[in-house]
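Chain residues, written in single-letter form:
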Amino acid sequence: PAKGGGLHIALVPPSVKTADANLSPPVPAPAAKAQSSNSPSSSSSSSKPSCTANPTPEVKRGSSSKKKDDKPWTEERLAKAKRKRIHARQEIIDSEESYLTNLTALMDTYVKPMKQVVDLADHKKMFADVKSICDFHEIFYPFVKKS
């Protein structure tokens, strides 16, 4: 378990950049593509697809459009929605419990016994993050169950 008393969930490691930052070479702006396609050296028989060749038409959305479920919230509808939320919450709790049980079984059945069978470098390659994932879910499961 983590020390420090708080739950910290890092969904994206700081070393990961956004998809746009990882593009190499960077994608030019649509105006730059349009200018380069007008140059005399480019021809219409080019095999490169162009995003600006067929621009997507804009979709106009009226402010008067209504959703299908704009019904009034009656007591019956509120009760049904509450039952659905309770069921969905229980599904998440059950899934997390099952996942933690399986992670614990993986640790007990494979990860720990394999330490005596293979050398440390190979063990780290085979089970790189299993221990930290298991530790996280041991902290996360009670948090999910309590909420």
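Keep in mind the model is a prediction, meaning the values are calculated, not measured.

**Student:** Got a sec to walk through the nonpolar core? Specific residues and values, please.
**Tutor:** Residues Leu103, Met107, Val111, Phe127, Val130 and Cys134 constitute the largest nonpolar core, which totals six residues. Elements that contribute at least two residues to this core include exactly helix H2 (75-114) and helix H4 (130-146). Once you skip the residues sitting within four places of it in the chain, methionine 107 turns out to touch Lys112, Pro113, Val130, Lys131 and Cys134. Formed by five residues, the second largest nonpolar core is a distinct cluster that contains Leu100, Phe140, Tyr141 and Val144.

**Student:** I'd love a proper account of the packing of aromatic side chains, names of residues and values included.
**Tutor:** On inspection of all chains with the given rule, the structure shows two aromatic pairs. Taking 5.2 Å as the distance between ring centres and 15 degrees as the angle between the ring planes, the aromatic pair formed by phenylalanine 136 and phenylalanine 140 counts as stacked. Taken together, the positions of phenylalanine 136 and phenylalanine 140, both in helix H4 and four residues apart, correspond to about one turn of that helix. An aromatic cluster is present here, built from Phe136, Phe140 and Phe143 joined pairwise through their rings.

**Student:** Any chance you could break down the pattern of salt bridges for me, citing the residues and the numbers?
**Tutor:** With the rule as written, the count across this model stands at two salt bridges. A salt bridge links aspartate 108 to lysine 112; the shortest N-O distance between them is 3.4 Å. Highlighted residues: aspartate 108 and lysine 112, both in helix H2, separated by four residues, approximately one helical turn. For the salt bridge of lysine 131 with aspartate 135, the shortest nitrogen-to-oxygen distance reads 3.1 Å. Of the two residues, lysine 131 and aspartate 135 both sit in helix H4, four residues apart, roughly one turn of that helix. With a relative accessible area of 47%, lysine 131 lands in the partly exposed category. The exposure class of aspartate 135 is partly exposed, given its relative accessible area of 21%.

**Student:** Just give me the short version of the packing of H2 against H4, but keep the residues and values in it.
**Tutor:** Axis separation between H2 and H4 bottoms out at 9 Å; the angle between their running directions is 150 degrees. One finds that H2 runs roughly antiparallel with respect to H4. Here the hand of the crossing between H2 and H4 comes out left-handed. Residues Arg89, Ile92, Ile93, Glu96, Glu97, Tyr99, Leu100, Leu103, Thr104, Leu106, Met107 and Val111 of H2 pack against Val130, Lys131, Ile133, Cys134, His137, Glu138, Phe140, Tyr141, Val144, Lys145 and Lys146 of H4. A per-class count over the contact of H2 with H4 returns 14 nonpolar, two polar and seven charged.

**Student:** An account of H4 is requested, with residue identities and associated values reported.
**Tutor:** Across its 17 residues, H4 extends 24 Å between first and last C-alpha, which sits within 8% of the 24 Å expected from 1.5 Å per residue. The largest bend along H4 reaches roughly 25 degrees and is located at phenylalanine 140, with the proline proline 142 sitting one to four residues downstream. Three or more residues of H4 are buried, namely Val130, Cys134, His137, Phe140, Tyr141 and Val144.

**Student:** I'd like a rundown of H2, residues and numbers included.
**Tutor:** Taking 1.5 Å of rise per residue, 40 residues should cover 58 Å, and H2 covers 57 Å from first to last C-alpha, within 8% of that figure. Along H2, the sharpest change in direction is near 40 degrees and occurs at methionine 107. For H2, every residue scored as buried is listed here: Arg77, Ala81, Ile93, Glu96, Leu100, Leu103, Met107 and Val111. Its buried side turned inward, H2 meets helix H3 (120-126) and H4.

Reading guide: rules and limits
Residues numbered from 1 in each chain as written. Predicted model: local features only at pLDDT ≥ 70, side-chain atom pairs only at ≥ 80, totals over all residues. Heavy atoms only, no water. Core = buried A, V, L, I, M, F, W, Y, C linked by side-chain atoms within 4.5 Å. Buried < 20%, exposed > 50% of the residue type's maximum accessible area, 1.4 Å probe, protein only. Helix = DSSP H or I, 4+ residues; strand = E, 2+ residues; numbered from the N terminus. Contact = heavy atoms within 4.5 Å. Phe/Tyr/Trp six-rings, centres within 6.5 Å; stacked < 30°, edge-to-face > 60°. Salt bridge = Lys/Arg side-chain N within 4 Å of Asp/Glu carboxyl O. Axes fitted to C-alpha atoms, helices over the stretch in contact; angles between N-to-C directions. Parallel < 35°, antiparallel > 145°, perpendicular 65-115°, else oblique. Left-handed = near helix turned anticlockwise from the far one by under 90°. Nonpolar A, V, L, I, M, F, W, Y, C, P; charged D, E, K, R; others polar. Expected span 1.5 Å × (residues − 1). Bend = angle between axes of the 7 residues up to and from the residue.

It is worth stressing that arrangement in space is one thing and function is another; only the former is reported here.
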